[in-house]
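Next come the chains, spelled out residue by residue.
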Amino acid sequence: VRLDANDDAPYERAMLAALDAKKPLPVRAVGGKSASLMRLYGTPGVSSYVPGGYAITVDFFAEWTAAVTASREWAAAEPKLGTPEGPRLCVGLKRLAQRLPLSAAQTACLDIVRRAMEAWPGRLAAVRSSAPEEDGTGASFAGVFETKLGVSPEGLEAAVRACFASVFDHRVFSYAGAH
């Protein structure tokens, strides 16, 4: 992923961004995949071939990330992630990540996406990670994070939670440590 010269520029922070937004968000806000799709939407002659959708930004996940990394589970797991105990400890971290409460703002974001999905062909979506750390110059994280296909509006929250929780999978820490 090529970082644009203005990737360090200030941007309007939001938890949710339409992929066809007039002003694409930087990689650090939506990750490489979503940032690329947003740029493609602005490319004449290409936008009609880009699927519609939304990017849930890093701001959506900030409270959840802070809650996990402030937990006693994280304090116990973090120094042992590279040990044989790491995989077992990561299961606990993922369980914690999946049961964190939704804020009112997070609920509102998911409601926007659910309403949009009602108008999509088949009412189905793919929910996948597009973290800023993915697809960088030094690492790709290909196949490490969760992807959920055929997600219905009713299954959206569970799919988002599963993709978020995959950040705490032992495969992620092993790959990140190696790269």
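Before reading further, recall that the structure is shown in the block above.
None of these values were measured; they are calculated from a predicted model. (Residues numbered from 1 in each chain as written. Predicted model: local features only at pLDDT ≥ 70, side-chain atom pairs only at ≥ 80, totals over all residues. Heavy atoms only, no water.)

Student: I would appreciate a short explanation of helix α2 (residues 58-69) in the present structure.
Tutor: Three- or four-residue spacings in an α-helix give side chains the same orientation, since the helix completes a turn every 3.6 residues. When we look at burial in α2, the residues that qualify are Asp-59, Phe-60, Phe-61, Trp-64 and Val-68. As for α2, its buried residues are in contact with β2 (54-56), α3 (72-77), α4 (86-98), α5 (104-117) and α6 (156-165). (Buried < 20%, exposed > 50% of the residue type's maximum accessible area, 1.4 Å probe, protein only. Helix = DSSP H or I, 4+ residues; strand = E, 2+ residues; numbered from the N terminus. Contact = heavy atoms within 4.5 Å.)

Student: So what exactly am I meant to see when it comes to the pattern of salt bridges here?
Tutor: Opposite charge on two side chains permits them to pair, given that their charged atoms come into close proximity. Scanning the entire structure with this criterion turns up seven salt bridges. One salt bridge in this structure joins Arg-123 and Glu-118, with 2.8 Å as the shortest N-O distance. For Arg-123, a relative accessible area of 29% translates into the label partly exposed. The partner of Arg-123 in a salt bridge is Glu-154, and the shortest N-O contact between them spans 2.9 Å. Of this pair, Arg-123 sits in the loop between α5 and β3 (125-128) while Glu-154 sits in the loop between β4 (147-151) and α6, placing them 31 residues apart in sequence. Note on Glu-154: relative accessible area 59%, which makes it exposed. The network of salt bridges with shared partners includes Glu-118, Arg-123 and Glu-154. (Salt bridge = Lys/Arg side-chain N within 4 Å of Asp/Glu carboxyl O.)

Student: What am I meant to see in α6 here?
Tutor: Of all 10 residues that make up α6, eight are buried, and the element is covered over most of its length. Within α6 the residues assigned to the buried category are Leu-156, Ala-159, Val-160, Arg-161, Ala-162, Cys-163, Phe-164 and Ala-165. Looking at the packing, one finds that the buried side of α6 touches β2, α2, α4, α5, β3 and β4.

Student: For this particular structure, what's the right way to read the pairing of β3?
Tutor: As a general feature of sheets, a regular strand has side chains that alternate between the two faces. Covered by surrounding structure in β3 are Ala-125 and Val-127 only, the residues Ala-126 and Arg-128 on the alternate face being uncovered. Pairing of β3 with β4 involves three bridges; the strand directions are antiparallel. The partner of Val-127 across the bridge, within β4, is Lys-148. (Pairing = 2+ DSSP bridges.)

Student: Would you explain the side chain of Gln-106 in this entry?
Tutor: Relative to the assigned elements, Gln-106 resides in helix α5. A polar side-chain atom of Gln-106 sits 2.8 Å from the main-chain carbonyl oxygen of Phe-60. Non-local contacts of Gln-106, meaning those with residues more than four positions away in its chain, are made with Met-15, Phe-60, Trp-64 and Pro-101. (Polar contact = N/O pair within 3.5 Å; in protein donor to acceptor, adjacent residues only side chain to side chain.)

Student: I'm lost on the nonpolar core in this one. Help?
Tutor: Looking at soluble globular proteins, one finds that nonpolar side chains tend to be buried together. Grouped together as the largest cluster of nonpolar side chains are 29 residues, with contacts concentrated most on Phe-60, Val-68, Val-127, Leu-156, Val-160, Phe-164 and Phe-168. Of all the elements in the fold, those that place two or more residues in this core are α2, α3, α4, α5, β3 and α6. If one sorts the elements of this core by residue count, α6 sits on top with six residues. With near-sequence residues (within four places) excluded, Val-127 lies in contact with Glu-146, Thr-147, Lys-148, Val-151, Leu-156, Ala-159, Val-160 and Cys-163. Formed by nine residues, the second largest nonpolar core is a distinct cluster that contains Leu-19, Ala-29, Val-30 and Ala-35. (Core = buried A, V, L, I, M, F, W, Y, C linked by side-chain atoms within 4.5 Å.)

Student: Is there a simple way to think about the packing of aromatic side chains in this case?
Tutor: Ring pairs (aromatic) are described by centroid distance and by the angle formed between their planes. Enumeration over the complete set of coordinates arrives at seven aromatic pairs. Measuring from centroid to centroid gives 4.9 Å for Phe-60 and Phe-61, while their planes differ by 65°, and the two rings are edge-to-face. The pair Phe-60 / Phe-61 is uniform in exposure class, with both members buried. Taking 6.0 Å as the distance between ring centres and 55° as the angle between the ring planes, the aromatic pair formed by Phe-61 and Trp-64 counts as tilted. Residue Phe-61 and its partner Trp-64 are located together in helix α2, separated by three residues, close to a single helical turn. In textbook terms, an aromatic cluster arises when at least three aromatic residues are bridged by ring pairs, as seen for Phe-60, Phe-61, Trp-64, Trp-74, Phe-164 and Phe-168. (Phe/Tyr/Trp six-rings, centres within 6.5 Å; stacked < 30°, edge-to-face > 60°.)

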